[in-house]
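# Reading the structure
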Amino acid sequence: MAPKRTIPVRLKAALLSGDVPFYAIILVTILSGFLFWLAGESWRENRRGYLPVIENQQWARIEALKGALITQRHLAGEPGVSLAVRDALFEQAAHRIREISEGLDGAGGRPGSRDETALGDKLNRFASLITDMGRLSARRTLPAGPDDQTLALELRSIYAALEELGDGMERDARAGFAALAERQDSFTTSLLVAWICFLLLLAAFMGTANIARRRNEALLRESDLRWQYALEGAGDGVWDWNVQTGAVTLSRRWKEMLGFSADELADTYQTWAQLVHPEDLGVAEAALTAHIQGDTPEYSAEFRMRCKDGSFKWILDRGRIVARDETGRGQRFIGTHADISGIKAVQEALRESRENLEVTLRSIGDAVMVTDATGCISRMNPTAERLTGWPE
């Protein structure tokens, strides 16, 4: 099992192997979600600045008007009219305006500090007018209150000032909201244009990276083909093994060396293991493992392999790890097969010749001594040893 990789290592591997589109899609998805959230949050914050002013100001005007109507109904002698409800309406209307005025400091998307101060002053004045209306309405309904006509005129004057101030604030708030909406549209448009430019740059980068990756892959394939052609031209078979994934590539010459055509053997590790003589497989696999783990500078083994006709050939297998992961374990293993059956046959014939010579020398009754080119004795039979007293 391949060891776990950290995120930087995975990203580096992705950049080197050409898996950039996968990570680019993830990046685009995350950034898109963030930008949409930013645009939506900006719009919501802008709405919080002026909309509460408009809404609460309208409700306060309605409640103040209701309180004034209750006063008129009471003065007209209408039964069942509750003055407590009237007082509560005036109090609630004034409380709405004070609350929105105090909340200006916490509202997002509000106007600049000068406009904010002016708006706060108007809201405080609006709340004071509502309070004055409630106070004068309460005085008109007192049993021994002042002249009704005087209070009525004063109430109408306050209500007119309240309506004029309310209309002005509503116009200012709507104008400010429209300006914010225009700025929000400009911000959203700029954000969209910047995002499109980023996507175009990302697409250009991915395209360039893809072209570079394909060019490198083509160069690598060309290099591999030249390398294989050179080795196979010398009569060697070539094998390429990805140790971590298990993928194996066996060259055409590798198979022909054993009498098989290119499509008769599968390109797998098991194919090699099944063709190696059982007595030699353990030694060969031990040499493979030692090199993969970094215990030997290169891999080399001699073993017998079964041919298509059932005979065996002696193979000299040599190779080397050409790529390792960040932990040092081998990834790509490349090697060659060379047919050394002829060399093994010569060695065997030489060994048999030496054995036959030894038997012949020992069976001769005469003393026999063999000298080299310099005249030094290199070999003697037992009879010569007894006659000369020299050991062999």
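Predicted model, so just to flag it, every value in this text is computed and none were measured. (Residues numbered from 1 in each chain as written. Predicted model: local features only at pLDDT ≥ 70, side-chain atom pairs only at ≥ 80, totals over all residues. Heavy atoms only, no water.)

## Re the overall build of the protein chain
Quick reminder of the rule: To qualify as a helix, a DSSP run of H or I must reach at least 4 residues; to qualify as a strand, a run of E must reach at least 2; elements of each kind are numbered from the N terminus. The contact rule is simple, with two residues in contact once any of their heavy atoms fall within 4.5 Å. Accessibility throughout is a Shrake-Rupley quantity obtained with a 1.4 Å probe, and a residue counts as covered only by protein chains that appear here.
Check the secondary structure of the protein chain and you find ten helices and seven strands. Of the contacts made within the protein chain by residues no fewer than 6 positions apart, 53% connect residues no fewer than 24 positions apart. Only carbon and sulfur atoms are counted for the fraction: they give 58% of the accessible area of the protein chain, which is about 24,200 Å².

## A closer look at the pattern of salt bridges
Note the threshold: One side-chain nitrogen of Lys or Arg within 4 Å of one carboxyl oxygen of Asp or Glu is enough to make a salt bridge. Three labels apply to residues, based on accessible area from a 1.4 Å probe with only protein chains included: buried if under 20% of the type maximum, exposed if over 50%, partly exposed otherwise in between.
Overall, the coordinates contain 17 salt bridges when judged by the stated rule. Note that E163 and R61 form a salt bridge whose closest N and O atoms lie 2.6 Å from each other. One end of the pair, E163, is in helix α5 (residues 148–233); the other, R61, is in helix α2 (residues 20–75), with 102 residues separating them in the sequence. One salt bridge connects R320 with E298, and the closest N-O pair in it is separated by 3.0 Å. Here R320, found in strand β4 (residues 312–324), pairs with E298, found in the loop between α8 (278–292) and β3 (299–306); they are 22 residues apart in sequence, far enough to count as distant. Using a relative accessible area of 44% as the deciding quantity, one classes R320 as partly exposed. A single network of salt bridges, built from pairs that share partners, joins R61, E163, D167 and E170.

## Describing the environment of A301
Looking at where A301 falls in the secondary structure, it is placed in strand β3. Overall, A301 belongs to the buried group, its relative accessible area being 8%. Distance from A301 to D317, taken between C-alpha atoms, is 5.2 Å for residues 16 residues apart in sequence. Residue contacts for A301: discarding those within four places in its chain leaves A284, I315, L316 and D317.

## Concerning the sheet that holds strand β5 (residues 330–339)
What counts here: Following DSSP output, two strands are said to pair if at least two bridges run between them. Every angle, taken between N-to-C directions, lies between 0 and 180 degrees, and every axis is a line fitted to C-alpha atoms, over only the stretch in contact when it is a helix.
In spatial order, the strands read β2-β1-β5-β4-β3; together these five strands make up an open sheet with antiparallel pairing. Lying at the two open borders of the sheet, with one neighbouring strand each, are β2 (248–250) and β3. The sheet shows a mean angle of 20° between the axes of neighbouring strands, direction not considered. Note that β4 and β5 share nine bridges and pair antiparallel. Bridge pairing in β5 places G319 opposite G335. Sitting on the sheet, α8 touches β1 (237–242), β3, β4 and β5, and the angle it makes with β3 is about 155°.

## Overview of the nonpolar core
We count it as follows: Nonpolar cores were defined as sets of buried Ala, Val, Leu, Ile, Met, Phe, Trp, Tyr and Cys residues, with membership established by side-chain atoms within 4.5 Å.
Residues W241, W254, W272, Y299, F303, M305 and F333 are the most contacted members of the largest nonpolar core, which totals 26 residues. Counting residues per element, the ones that place at least two in this core are β1, β2, α7 (269–275), α8, β3 and β4. Excluding residues within four positions of it along the chain, Y299 makes contact with W239, W272, A284, A287, L288, H291, D317, R318, G319 and F333.

## Overview of a nonpolar patch on the surface
Quick note on the threshold: Patch membership requires over 30% relative accessible area and the absence of a salt bridge. Like charges are linked within 9 Å, and nonpolar side chains (Val, Leu, Ile, Met, Phe, Trp, Tyr) within 5 Å.
Residues L192, I196 and L200 make up a contiguous nonpolar surface patch of about 290 Å² in total accessible area. Inspection of the secondary structure assignment puts L192 in helix α5.

## Examining the packing of aromatic side chains
Applicable threshold: Working definition: rings of Phe, Tyr and Trp (its six-membered ring) pair if their centres are within 6.5 Å, and the pair is stacked with planes under 30 degrees apart, edge-to-face with planes over 60 apart, and tilted otherwise.
Under the defined criterion, the tally for this structure stands at seven aromatic pairs. Look at W239 and F333: their rings are 5.1 Å apart centre to centre, the planes differ by 65°, and that puts the pair in the edge-to-face class. Of this pair, W239 sits in strand β1 while F333 sits in strand β5, and the two are 94 residues apart along the sequence. In this structure W239 comes out as buried when scored by relative accessible area, which is 7%. Members of the aromatic cluster, connected to one another through ring pairs, are W239, W241, Y269, W272, Y299, F303 and F333.

## Some points on the pairing of β3
Only one face of β3 is covered, namely the one carrying Y299, A301, F303 and M305; the face carrying S300, E302, R304 and R306 has none of its residues buried. Strand direction decides the pairing type here: β3 and β4, joined by eight bridges, are antiparallel. Looking at the pairing, Y299 lines up with G319 of β4. What sits between the antiparallel neighbours β3 and β4 is a turn of five residues, in which G310 has the positive phi angle 95°.

## So, α8
Three or four residues apart is the spacing at which side chains of an α-helix point the same way, because the helix has 3.6 residues per turn. To keep things clear, this is the line we draw: What a helix should span is 1.5 Å times the count of its residues minus one.
For α8, which comprises 15 residues, the first-to-last C-alpha distance of 22 Å matches the rise-based estimate of 21 Å (1.5 Å per residue) to within 8%. All of the buried residues in α8 are D280, A284, A287, L288, A290, H291 and I292. Buried residues along α8 sit in contact with β1, α7, β3, β4 and β5.

## Description of the confidence of the model for the protein chain
Rules: Values of pLDDT, the confidence the predictor places in each residue, fall between 0 and 100.
Of all residues in the protein chain, 81% attain a pLDDT of 70 or more, and the chain-wide mean is 79. Within the model, the stretch residues 1–7 combines pLDDT values under 50 with seven contacts to residues more than four positions away or in other chains.

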